[in-house]
Amino acid sequence: MSIVPKETVEVIAQSIGITNLLPEAALMLAPDVEYRVREIMQEAIKCMRHSKRTTLTASDVDGALNLRNVEPIYGFASGGPFRFRKAIGHRDLFYTDDREVDFKDVIEAPLPKAPLDTEIVCHWLAIEGVQPAIPENAPLEVIRAPAENKIHEQKDGPPIDVRLPVKHVLSRELQLYFQKIAELAMSKSNPALFKEALVSLASDSGLHPLVPYFTNFIADEVSNGLKDFRLLFNLMHIVRSLLQNPHIHIEPYLHQLMPSVVTCLVSRKLGNRFADNHWELRDFASNLVALICKRYGPVYITLQSRLTRTLVNALLDPKKALTQHYGAIRGLAALGHNIVRLLILSNLEPYLSLLQPELDAEKQKNQMKNYEAWRVYGALLRAAGLCIHDRLKIFPPLPSPSPSFLHKGKGKIINTDPHKRKLSIDSSENQSPQKRLITMDGPDGVQSQDQSGSAPMQVDNPVENDNPPQNSVQPSSSEQASDANESESRNGKVKESGRSRAITMKAILDQIWKDDLDSGRLLVKLHELYGDRILPFIPSTEMSVFL
Amino acid sequence: MDPEQINEFVVGYLKKKGFSSAAKDLEAYHHHNNNGSSFTSTDYHNDPELTKLIRSFSQQEDDPTRYREGYSNLRSWAYNSLDLYKHELLRVMYPVFIHCYMDLVGKGHTQEARGFFNSFRRDHEMVHLRDLQKLEGVLAPSHLEEMEFARSLRKSKVNIKISQYSYDLLIQYLQRTKSTLMLGIINEHINFQVYSGQPTPSSDDIEAVTIFGSFQDTANHINQKEIQWGLLEDSLEDRLEKTGGLLSDSEKGQGESKDGDADDSKKRSTEIGKQGSSLKKLKKDKAGNATAKVARLETITVPPAPRVKPELALPVMSTDVEQSILEDLRNRVQLSSVAMPSVSFYTFVNTHNGLNCSSISHDGSLVAGGFSDSSIKVWDMAKIGQAGSGVLQGENDTNDQIMGPNGRRSYTLLLGHSGPVYSATFSPPGDFVLSSSADTTIRLWSTKLNANLVCYKGHNYPVWDVQFSPFGHYFASCSHDRTARIWSMDRIQPLRIMAGHLSDVDCVQWHPNCNYIATGSSDKTVRLWDVQTGECVRIFVGHRSMVLSLAMSPDGRYMASGDEDGTIMMWDLSTARCITPLMGHNSCVWSLSYSGEGSLLASGSADCTVKLWDVTSSTKLTKAEAKNGNTNRLRSLRTFPTKSTPVHALRFSRRNLLFAAGALSKPAS
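Everything numeric in this text was worked out from a predicted model, so none of it was measured.

Enquirer: What's the story with the overall build of chain B in this structure? I'm lost.
Expert: Within chain B, the regular secondary structure consists of 19 helices and 31 strands. Classification of the 669 residues of chain B by burial places 55% in the buried group. Residue pairs in contact within chain B that sit at least 24 positions apart in sequence constitute 57% of those at least 6 positions apart. Total accessible area on chain B is roughly 29400 Å²; 51% of this is exposed by carbon and sulfur atoms.

Given below as structure tokens:
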């Protein structure tokens, strides 16, 4: 009969101390309760409307009670609307989340920040009927057909002001802006100004309409200007700025942008002069690839897989130039350690055997080729090293490291402890020797960890510069240690510490091998392939234990 | 059948019909009779027909299921009737439905009434949702008495226009099926206006289906009254047209206008220096100036609005003010469907859901906000412009910037009310603010002294809206007490009380010639009142929900009203007809404003958009429409979405710059 059941009336009566309420009385009261509630709600809605709101709040109900000369119910006023939760198991039962608060917590809690005072902000919602693209206005959804056309369609009655379809969707300002940026990118004469332009590209909010123009421009120029190294570099910088701009939705244009970036990564020849540091460009592009995958990978599921396929094809094709291999390795490395482990490390041995003749300066007379081979080798080493470093990082700390091992501020490593603890004690014991390995060779470890943390983002700072010796040196295995030493000395880029510890390392690695662990095996394999050069990637504070 | 049974029936019947004293008498009489000699005539004792009738009478009256049966039979009959007449017959269903329901409630069959209501409410929800929501709560006879809406429904008859044939069909059906109950309800509560010929197309339903309460006849009657919708003679517009004519051919006039430009540019830059793009604006103003001149020559060819004499003693305007207004009018940008206005948006941030209303002064330099904590805050936009040049740089950092160097408030705080402030309005020169509040008072504030000057007490309930007249001095207010009142600034008692609305009066607006005010109400009507006599001169029926905003066209011929559902209606004041409904908003229309020359209507809504409507074409088209039938009635020109700001207030400045204001509200997650 009434939506208020008589049980409700009875419960309320009990709660206010009326125990002898007759069931008939409850039955009679129920419809009236409903009527009163509805009446109050009607008035409350009026109050809400006059407060220019569309959500009913407790204060509106208070206002309605006031209107009816009823004492308001105190204690429910709050700034915002209540958040109702659904009671589990009931379709239409809701409750407010009213937690019990410990008095002590309330007292001890720091004072909340004073609420900000009301202010007025002023902006142009429209200028002569056109909404300017400024952060205060709602973002334009996509580039849409000019509004005039819509009006044209809409009006088919007699009084039409017929307007020709508008040719320029872009405002004059935006056109000028685009031209200026394009000019700067092409001219390469004014680096300071170009830097400013990049900042503007990365931060301006009204640029969305230009995105298709920029992607087009980049695609065109990359395909035409493969010989112009500076131009390519500028274009990649533009890509990066566009990616950084928080106001731009670049997703719809990624498919146009990606080929250009990948081209800059794995093209056979970038730039036409010997002096062009195309390695740097490749590194930059690889970082862009990583950035894109990281940000849009979850949205475009096929993005990463397609990219990976392209890169792996480039890597595994022995006919491709070494420069291309280098790009592919860098690209894969930028995609993350799992990719490296799955795709590079599994192919590492055959690939290194292919690379071997190129590396040997005696066999490969062409110095340029030799240099390239070493670059590739360095890239591989770095990829593998970062990968193994990453794997080792997840192992738990030693149960009882002696205080002396914790010297030289190994903050980084210690900071990662919480993750490590997740592994069982059992495994931590198993891996203790390895752990010792991990924690040795502190400075380098920290350094490489830094790299692994920031490499995908830090584009201006190509990482191999940090480890020049590793990249440009070295035969491939410990069996050839003497050769290695010779070549090192020839190249004059020797990493001394690594060499001096080589023998000890061998012993340690063998021990790990005995532990029969996946990573251990991998490490050993890497060590076999690379020799000492992998060691700087292996963080350690406890070298001394084994020395 | 023995006489005692009969007596029982009779007594029961009398009791049911409310003749309790008669029943008592009868009982006493019978009691007496039984004791004494039986002289009751017995000739009907053996009449079986009569007995049956009496018995059925008492049973029928009792039986609540008859309503359901009768109604559902009638309903299925109506739904199965011929398509041509169906919509007319269906129109009858709604009044029958609500009266059946109220009969059931009135007789105390609460449960049956509820069941009946729920099983058939779906039929009427589309058109009458709000009425149904009101009625749904009525569950006891006492509620019927108490609730105004129900009472007026019970008392009044509904007018339904119906074609002869539909009427015949209906009556035939009712008589054939002997559904006396339905027939009774229809007779009692529906007033058929039968016309000969074919039934009208269903598109005209709106009026036919609205239940007005008692005033259908009076409404028609009232709407016959004459009104003078023209502009005041010797108004500024009037003078402008004259001087405008001078200006175009005399050198003196040109020199003047140059001076004016210089003055004006100075004033502008100080007044609204806030955007930092005043240069652009100046340029635009000049351009607008040129076009305005050209356009003015055109407008003169259009027959101007008739002139009327003022019925109120109007305040004298100082020459300075007059000059500046004239200057503004001269420099007005001519707007049309191809020349759109610029919109400057004032966003209130950090309001913590407390902003109830906002108002913008005529020149856009002052903005007032009324808050639920009883305070009023007035911002001087010129000062804000000086304080921080980076006001436009984003919502996050502006707070620090405006609070800036000396950490002072950027606004003037006006305290005095003791309840949420529901409305605020600036006097035309911007030197006074009026505010109305839930504490039933209206207060007058001076923006120069930043102090409260007068407190007007008169309303008995929260005052929903207050508006200054176009010439200042007088103002109108409206309240939950169902009245609108006219006041003058120098008296603390109202000059006129306009009573007649059946529910809250939610908004009020002055006619440009000051002789009329319009009020919008929760009873879903808009009324026009004569200020001098205090009489209602027009009733506009057609909205389906509470009317929230009103605007009068500058020539005084048209009125726009916006409601809770997002519908905007354009009315012709002289005929009280809706010219066209403007559909497009999907939430409350908080604010409406006509552009200076009346060619555009701007509407601000809770759906976070400002829409511009071309109203010249819509008014012109009606003539064409009459000839070639239905054409596209929508004339929405532009929609400007804000990020997340419901638009509370709109105002076209005298130069046709559109100001809008609203409080930034975080979308509910």
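Next, the rest of the story.
Enquirer: How should the overall build of chain A be read in this particular structure?
Expert: If you tally the helices and strands in chain A, you get 27 helices and three strands. Partitioning the intrachain contacts of chain A with sequence separation of at least 6 by distance along the chain shows that 68% fall at a separation of at least 24. When the accessible surface of chain A is split by element, carbon and sulfur atoms take 57% of a total near 29200 Å².

Enquirer: Just checking my understanding: could you explain the interface of chain A and chain B for this structure?
Expert: Where interface size is quoted, it is often the accessible area lost as the parts come together. Each side of the interface is counted separately: chain A has 51 residues, and chain B has 81 residues. Of the roughly 6100 Å² buried between chain A and chain B on both sides combined, carbon and sulfur atoms contribute 57%. Counting the contacts that link chain A with chain B gives five salt bridges. Residue E564 of chain B is joined to R49 of chain A by a salt bridge in which the shortest nitrogen-to-oxygen separation is 2.7 Å. Taken together, the elements giving at least two residues each to the side of chain A that touches chain B come down to α2 (23–50), β3 (119–126) and α5 (147–154) of chain A. It is α2 of chain A that contributes the most residues to the side of chain A that touches chain B, 14 residues altogether. When the residues that make up the side of chain A that touches chain B are grouped by side-chain class, the tally is 22 nonpolar, 13 polar and 16 charged. Bridging between β3 of chain A and strand β5 (residues 343–349) of chain B involves seven bridges; their strand directions are antiparallel. Paired with I120 of chain A across the two strands is F348 of chain B, which belongs to β5 of chain B.

Enquirer: Just to check I follow, could you spell out the packing of helix α5 (residues 83–106) of chain B against helix α9 (residues 164–176) of chain B for this structure?
Expert: When two helices pack together, their arrangement is given by the angle between their axes and by how far apart the axes lie. Residue and element names in this part refer to chain B. Between α5 and α9, the least distance of the axes is 10 Å, while the angle of their chain directions is 55 degrees. Taken together, the axes of α5 and α9 are oblique relative to one another. Along this stretch, α5 crosses α9, giving a crossing that reads as right-handed. Contact residues: α5 offers Y85, E88, L89 and V92, while α9 offers Y165, S166, L169 and L170. For the contact of α5 with α9, a count of residues per class yields six nonpolar, one polar and one charged.

Enquirer: Teacher, can you tell me more about the packing of aromatic side chains here?
Expert: Geometry of an aromatic ring pair is reported as the spacing of the ring centres plus the angle between the planes. Taken as a whole and judged by the stated rule, the model has 23 aromatic pairs over all chains. Ring geometry for W374 of chain A versus Y377 of chain A: centroids 5.3 Å apart, planes at 85 degrees, classification edge-to-face. Within this pair, W374 of chain A and its partner Y377 of chain A are both found in helix α16 (residues 367–393), separated by three residues, close to a single helical turn. According to the relative accessible area criterion, W374 of chain A is buried, its value standing at 9%. With relative accessibility at 0%, the residue Y377 of chain A sits in the buried group. Here the aromatic rings of Y422 of chain B and W464 of chain B are separated by 4.9 Å at their centres, their planes lie at 65 degrees, and the arrangement is edge-to-face. With Y422 of chain B in strand β10 (residues 421–426) and W464 of chain B in strand β14 (residues 463–468), this residue pair connects regions lying 42 residues apart in the sequence. The two residues Y422 of chain B and W464 of chain B agree in class, both being buried. One aromatic cluster is present, formed by Y71, F97, Y101, F116, F117 and F120 of chain B through successive ring pairs. The ring of F149 of chain B has K134 of chain B lying over it, and the distance from NZ or CZ to the ring centre is 4.9 Å.

Enquirer: I'm lost on the side chain of S359 of chain B in this one. Help?
Expert: Residues and elements named next belong to chain B. Of note, S359 is situated in strand β6 (residues 355–360). Owing to a relative accessible area of 7%, S359 belongs among the buried residues under this scheme. Among the polar contacts made by the side chain of S359, one reaches the main-chain carbonyl oxygen of A424 at a distance of 3.4 Å.

Enquirer: Would you take a moment to explain the sheet that holds strand β28 (residues 609–614) of chain B for this structure?
Expert: Residue and element names in this part refer to chain B. If you trace the four strands from one edge of the open sheet to the other, you get β26-β27-β28-β29, paired in antiparallel fashion. Whereas interior strands pair on both sides, the edge strands pair on one side only; in this sheet they are β26 (589–594) and β29 (636–641). On average, each strand axis in the sheet is tilted by 20 degrees relative to the strand beside it, whichever way the strands run. Where β26 and strand β27 (residues 600–605) come together, five bridges link them in antiparallel fashion. From the neighbouring strand, S591 faces β27, where its bridge partner is G604.

Enquirer: Mind showing me how you'd approach a nonpolar patch on the surface here?
Expert: Residue and element names in this part refer to chain A. Among the surface-exposed residues, L29, V33, V37, M41, I45 and L56 lie close enough to one another that they form a single nonpolar patch of about 400 Å² accessible area. Inspection of the secondary structure puts I45 in helix α2. Classification of I45 as partly exposed rests on a relative accessible area of 34%.

Enquirer: Which parts of the structure should I look at to understand the pairing of strand β13 (residues 451–457) of chain B?
Expert: The sheet contact formed by strand β12 (residues 441–446) of chain B and β13 of chain B spans six bridges and is antiparallel. By the bridge assignment for β13 of chain B, L444 of chain B is matched with V454 of chain B.

Enquirer: Explain the pattern of salt bridges to me, please; I cannot follow it from the model alone.
Expert: Pairs can form between side chains of opposite charge once their charged atoms are near each other. If you walk through the whole model with that rule in mind, you get 22 salt bridges over all chains. R38 of chain A is the partner of E136 of chain B in a salt bridge, and the nearest nitrogen-oxygen pair spans 3.2 Å. Of the two residues, E136 of chain B is situated in helix α6 (residues 110–136) and R38 of chain A in helix α2; the pairing between them involves two chains. The exposure class of E136 of chain B is buried, given its relative accessible area of 11%. Residue class for R38 of chain A comes out partly exposed when judged on its relative accessible area of 21%. The closest approach of N and O atoms between R53 of chain A and D60 of chain A, which form a salt bridge, is 2.9 Å.

Enquirer: Before we go on, may I ask you to explain α2 of chain A in this structure?
Expert: One turn of the α-helix equals 3.6 residues, which is why residues spaced by three or four share an orientation. Residue and element names in this part refer to chain A. Relative to the 40 Å expected for 28 residues at 1.5 Å per residue, α2 spans 41 Å between its end C-alpha atoms, a close match to the ideal helical length. Along α2, the sharpest kink reaches roughly 25 degrees, centred on L29 and followed within four residues by the proline P31. Phi turns positive, to about 55 degrees, at K52, one or two residues after α2.

Enquirer: I would appreciate a short explanation of the sheet that holds β5 of chain B in the present structure.
Expert: By definition, the strands of a sheet pair up through backbone hydrogen bonds, in either a parallel or an antiparallel sense. As summarised here, the arrangement of the four strands in space is β3(A)-β5(B)-β31(B)-β30(B), forming an open sheet in which the pairing is mixed. Both outer strands of the open sheet, β3 of chain A together with β30 (647–652) of chain B, are each paired with one neighbouring strand and no more. Adjacent strand axes in the sheet meet at a mean angle of 20 degrees when their direction is disregarded. Of the pairings in the sheet, the one linking β30 of chain B to strand β31 (residues 658–663) of chain B comprises five bridges and is antiparallel in character. Looking at β31 of chain B, one finds that A649 of chain B is bridged to A661 of chain B.

Enquirer: Would you mind going over the side chain of T118 of chain A with me for this structure?
Expert: Relative to the helices and strands, T118 of chain A resides in the loop between α4 (103–108) and β3. From its side chain, T118 of chain A meets the backbone oxygen of N350 of chain B in a polar contact 3.2 Å long. Dropping the residues within four chain positions of it, T118 of chain A is found in contact with F348, V349, N350, T351, F371, K377, W379 and Y411 of chain B.

Enquirer: Sorry if this is basic, but what is going on with helix α3 (residues 58–67) of chain A here?
Expert: All names here are of chain A. Within α3 the residues assigned to the buried category are A58, D60, D62, A64, L65 and L67. In this structure, the buried residues of α3 make contact with α2. Just past α3, the residue N69 takes up positive phi, approximately 60 degrees.

Enquirer: Just to check I follow, could you spell out unusual backbone geometry for this structure?
Expert: Glycine aside, the phi torsion of most residues is negative, and most peptide linkages are trans. Positive phi, normally seen in glycine, also occurs at E128 of chain A, with a value near 45 degrees. You can see E128 of chain A is positioned in the loop between β3 and α5. Residue class for E128 of chain A comes out partly exposed when judged on its relative accessible area of 44%. Despite not being glycine, N656 of chain B shows a phi value in the positive range, around 70 degrees. In this structure, N656 of chain B sits in the loop between β30 and β31.

Enquirer: What should I look at first to understand the pairing of β26 of chain B in this one?
Expert: Along any regular strand the residues' side chains alternate between the sheet's two faces. Burial runs high along β26 of chain B: six of the six residues are buried. Hairpin connection of β26 of chain B to β27 of chain B: five residues between the antiparallel strands, including G598 of chain B at a positive phi of 85 degrees.

Enquirer: Explanation requested: the packing of α2 of chain A against α3 of chain A in the structure shown.
Expert: Residue and element names in this part refer to chain A. Packing of α2 against α3 brings their axes to within 8 Å, and their N-to-C directions diverge by 115 degrees. The chirality of how α2 crosses α3 is right-handed. Side by side, α2 and α3 meet where I40, E43, A44, C47 and M48 of the first sit next to D60, V61, G63, A64, L65 and L67 of the second. When grouped by side-chain class, the residues that make up the contact of α2 with α3 number eight nonpolar, one polar and two charged.

Criteria and cut-off values
- Starting afresh in each chain, residues are numbered from 1 along the sequence in its written order.
- Note on labels: chains are lettered from A, ligands numbered from 1, in written order.
- In keeping with the predicted nature of the model, local features appear solely for residues at pLDDT of at least 70, side-chain atom pairs appear and are counted solely at 80 or more, and the whole-chain, interface and lining totals rest on all residues.
- In computing side-chain properties, one takes all heavy atoms of the structure into account and sets aside hydrogens as well as water.
- Runs of H or I in DSSP of at least four residues are treated as helices and runs of E of at least two as strands, each being numbered from the N terminus.
- Buried means the residue's accessible area, taken with a 1.4 Å probe over protein chains only, is under 20% of the maximum for its type, while exposed means over 50%, and partly exposed covers the values in between.
- Two residues form a contact once any of their heavy atoms are found within 4.5 Å.
- Per-residue and other accessible areas were derived by the Shrake-Rupley procedure at a 1.4 Å probe size, with only the shown protein chains allowed to occlude residues.
- The quantity reported as buried area is the accessible area (1.4 Å probe) lost by two parts once they are put together, taken as the sum for both.
- Salt bridges are counted wherever a side-chain nitrogen of Lys or Arg sits within 4 Å of a carboxyl oxygen of Asp or Glu.
- Gly is placed with the polar residues, together with every amino acid not listed as nonpolar (Ala, Val, Leu, Ile, Met, Phe, Trp, Tyr, Cys and Pro) or charged (Asp, Glu, Lys and Arg).
- Two strands make a pair as long as DSSP finds a minimum of two bridges between them.
- All axes here are fitted lines through C-alpha atoms, helices being fitted over the stretch that makes contact, and every angle between N-to-C directions spans 0 to 180 degrees.
- To sort the angles, those under 35 degrees are grouped as roughly parallel, those over 145 as roughly antiparallel, those from 65 to 115 as roughly perpendicular, and the leftovers as oblique.
- Note on convention: the crossing is left-handed when the near helix lies turned anticlockwise from the far helix by less than a right angle, right-handed when the turn is clockwise.
- Two rings from Phe, Tyr or Trp (for Trp, the six-membered ring) form a pair when their centres sit within 6.5 Å of each other. Planes less than 30 degrees apart are called stacked, planes more than 60 degrees apart edge-to-face, and all others tilted.
- Definition used: whenever NZ (Lys) or CZ (Arg) falls within 6 Å of the ring centre and also within 35 degrees of the ring normal, the charge is taken to sit over that ring.
- Under this definition, polar contacts are N or O atom pairs within 3.5 Å; protein pairs additionally need one hydrogen-donor-capable and one acceptor-capable atom, and for neighbouring residues in sequence, both atoms have to be side-chain atoms.
- Patches were defined on residues exceeding 30% relative accessible area and lacking a salt bridge, with like-charge contacts within 9 Å and nonpolar side-chain contacts (Val, Leu, Ile, Met, Phe, Trp, Tyr) within 5 Å.
- Expected helix span is computed as 1.5 Å times (number of residues minus one).
- What is called the bend at a residue is the angle between a pair of axes, fitted to the seven residues leading up to and ending at it and to the seven starting from it.

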